[in-house]
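Okay, here's what each chain looks like letter by letter:
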Amino acid sequence: MAEASRWHRGGTSIHNLHYRKEVQITTTLQELLLYFIFLINLCILTFGMVNPHMYYLNKVMSSLFLDTSVPDDERTNFKSIRSITDFWKFMEGPLLDGLYWDSWYNNQKLYDLKNSSRIYYENILLGVPRVRQLKVRNNTCKVYSSFQSLMSECYDKYTSENEDLADFGLKLDSEWKYSTSNTNSPWHWGFVGVYGNGGFIFTLSKSKSETKNKFIDLRLNSWITRGTRVIFIDFSLYNANVNLFCIIRLVAEFPATGGILTSWQLYSVKLLRYVSYYDYFIASCEITFCIFLFVFTTQELKKMKEFKSDYFKSIWNWLELLLLLIFKFISFNKTMSQLSSTLSRCMKDIVGFAIMFFIIFFAYAQLGFLVFGSQVDDFSTFQNSIFAQFRIVLGDFNFAGIQQANRILGPIYFITFIFFVFFVLLNMFLAIINDTYSEVKADYSIGRRPDFELGKMLKKSYHNALEKLKLRKSQKNEDKNMGDLAEQPKRENLDENELQRAEQMKKWKESLEKKYYSTETQDNQPVTQQEFRELFLYTVELEKELHYISSKLNQVMRKLSGLQY
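This one's a predicted model, so the numbers in the text were calculated from it and none came from an experiment.

Draft legend 1. Structural view of the overall build of the chain. Helices and strands together make up the secondary structure of the chain, namely 16 helices and eight strands. Burial status across the chain gives 35% buried among its 565 residues. Long-range pairs, those at least 24 residues apart, make up 62% of the contacts in the chain with a sequence separation of at least 6. Only carbon and sulfur atoms are counted for the fraction: they give 59% of the accessible area of the chain, which is about 36,100 Å².

In structure tokens form, the structure reads like this:
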């Protein structure tokens, strides 16, 4: 078999084969070391940009502005605002008290505030907060004729076409006049709409008393109207102790259905990047990362130029383009190599199955949205229905809400979804992977594995080093009593892995001969899938041996014909 393997490689000598393997292992180790350094640098760069104080700063600001109750009502805070009255109570209470800290807890002034506020005595309020409102015009929707006597005005949901740009109210200050945006900041995606820039804007004063009088004046003059669709409250803080900025946005949406929906955004960022020695170390890692990225990109561009369209036929090239370079060394471990082989073999089956799976999955998501969308929050939108079904598969679901929404279709939807998606489709997916893994494992058990396994090469190099240092006994004479199949490769100086493979192949063939060439075997006995796979592989091995024997016969015939002449 060793001769046949050598013949199939085109007559490459054993010495050249060993040399090529040594070159391959050296090159791979160099690449592995380079990628390992790259990954360490990337991890340092990634985690070095995240400050653990970010979470605590967000938590403190959240408790101050979101969880603080309004005066005389402990159950109402920003999260639970449902009416315009509650909104004004929040503006004149928790928001005002949270923004303006002008003295210590015992009313002593310990800081030179310089006309600024220090929230929780440590966070400087940058500039002044800004309040912005967006409105829609009247008659942007049509009232049904039978109800026009009861309601003559109609305010539709917010869109850029329905936005009200006209001045209103007192028409004196900026909060009563529409202001266009001077920046290209992104629009805000809320619960019931996507809101643009601009609007009716006013900035708060640096004085707490002046700001409170401003809020009272706006409330008494009806700054919030029926056309109001959203109000933004924006401000920023800086904490010098941890060198972090906190950008806060409080959003109150006024949907066309009435009521108020509140949301918020708190982002802690490090805008002043290079202050301490550790920051400069991170800067050096950033430079190293750019160098790595330039080198890797240059290498891939050279490969693209050399191989052209063939470059994109290799899965490893696609993985390298996605910076998943570490998977290139999955042959380092036998288990990872089996995983790679399993996924590559069953990829077509998985893609075909995924199409069928998502057709059924999206059909159920659409059914859930149509049946329960008006009553259950998890199915209020098509996107929420998709995520809710993934949660059902993972065991997190609200069956009581579904049943309450529809006592007939709710249980039917739930039971059929669990049966078809969970019990049928997911088990089919597992069966595809399990069947392919059994094939790969059977191939590995008979020696059909990648010729180049980095783990084995490293193990062999490690044993050779121990033998040279005389820390391990030489095992060159331990395999003298091997069978005829292993004696010939040994005389040709094949490595230990090929000897083991040959011995394993010999035992496998003997077991097949005993199993399928026995006189007790019946002709009509059914053949299992595992037996068919073994017979097929055995046929392939016999075909290789026939090719080898045929080539030897041709060589003998050529020599005989040469002797005759």
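Draft legend 2. Expanded view of the packing of aromatic side chains. Within the structure shown, the criterion is met by 39 aromatic pairs. Ring centres of Phe353 and Phe357 lie 6.1 Å apart, and the angle between their planes is 35 degrees; this geometry places the pair in the tilted category. A residue pair is termed a helical-turn pair when its members lie 3 or 4 positions apart in one helix, as Phe353 and Phe357 do in helix α9 (residues 347-372) at four residues. Phe357 matches Phe353 in its accessibility class, with the two residues each being buried.

Draft legend 3. Focus on the pattern of salt bridges. Under the counting rule described, the total for this entry stands at twelve salt bridges. One salt bridge in this structure joins Asp97 and Lys208, with 3.1 Å as the shortest N-O distance. One end of the pair, Asp97, is in helix α4 (residues 84-99); the other, Lys208, is in helix α5 (residues 208-220), and 111 residues separate them in sequence. On the basis of relative accessibility, which here comes to 32%, the residue Lys208 falls in the partly exposed class. Between Glu175 and Lys214 there is a salt bridge whose closest N-O contact spans 2.4 Å. Of the two residues, Glu175 sits in the loop between β2 (123-135) and β3 (188-189) while Lys214 sits in helix α5, which places them 39 residues apart along the sequence. Through salt bridges with shared partners, a single network forms among Arg130, Asp234 and Arg249.

Draft legend 4. Expanded view of the nonpolar core. Phe65, Leu95 and Trp223 are the most contacted members of the largest nonpolar core, which totals 43 residues. Counting residues per element, the ones that place at least two in this core are α3 (53-65), α4, β2, β5 (200-203), α5, β6 (228-239) and β7 (244-253). Ranked by the residues each element gives to this core, the list is headed by α4, at seven residues. Once you skip the residues sitting within four places of it in the chain, Trp223 turns out to touch Trp88, Val131, Gln133, Phe168, Glu175, Trp176, Phe200, Phe202, Leu218, Thr228 and Ile231. Core analysis: the next-biggest nonpolar cluster, separate from the first, contains 23 residues, Tyr364, Phe372, Ile392 and Ile418 among them.

Draft legend 5. Main features of the confidence of the model for the chain. Residues at a pLDDT of 70 or more form 73% of the chain, whose mean pLDDT is 78. Here helix α1 (residues 2-8) is the element of the chain with the lowest mean pLDDT, 41, and β6 is the one with the highest, 95. Below a pLDDT of 50 lies the segment residues 477-494, which in the model reaches 31 contacts outside its immediate sequence neighbourhood of four places, other chains included.

Draft legend 6. Just unusual backbone geometry, in detail. Of note, the phi angle at Asp72 is positive, near 65 degrees, even though the residue is not glycine. Following the sequence through the fold, Asp72 ends up in the loop between α3 and α4. Positive phi, normally seen in glycine, also occurs at Ser222, with a value near 55 degrees. With respect to the helices and strands, Ser222 occurs in the loop between α5 and β6.

Draft legend 7. How the structure looks around helix α10 (residues 382-393). An ideal rise of 1.5 Å per residue puts 16 Å on twelve residues; α10 measures up with 17 Å between its terminal C-alpha atoms. By the burial criterion, the buried members of α10 are Ser385, Ile386, Ala388, Gln389 and Ile392. Taken down its axis, α10 places every buried residue within 165 degrees of arc, on the same side. Phi turns positive, to about 95 degrees, at Gly395, one or two residues after α10.

Draft legend 8. Focus on the environment of Ala166. By the element assignment, Ala166 lies in the loop between β2 and β3. We classify Ala166 as partly exposed; its relative accessible area is 42%. As for Ala166 and Tyr178, which are separated by twelve residues in sequence, their C-alpha atoms are 6.6 Å apart.

What counts and what doesn't
- Residues numbered from 1 in each chain as written.
- Predicted model: local features only at pLDDT ≥ 70, side-chain atom pairs only at ≥ 80, totals over all residues.
- Heavy atoms only, no water.
- Helix = DSSP H or I, 4+ residues; strand = E, 2+ residues; numbered from the N terminus.
- Buried < 20%, exposed > 50% of the residue type's maximum accessible area, 1.4 Å probe, protein only.
- Contact = heavy atoms within 4.5 Å.
- Areas by Shrake-Rupley, 256 points an atom, 1.4 Å probe, with all protein chains shown as cover.
- Phe/Tyr/Trp six-rings, centres within 6.5 Å; stacked < 30°, edge-to-face > 60°.
- Salt bridge = Lys/Arg side-chain N within 4 Å of Asp/Glu carboxyl O.
- Core = buried A, V, L, I, M, F, W, Y, C linked by side-chain atoms within 4.5 Å.
- pLDDT = per-residue confidence, 0-100.
- Expected span 1.5 Å × (residues − 1).
- Arc of directions from axis to C-beta.

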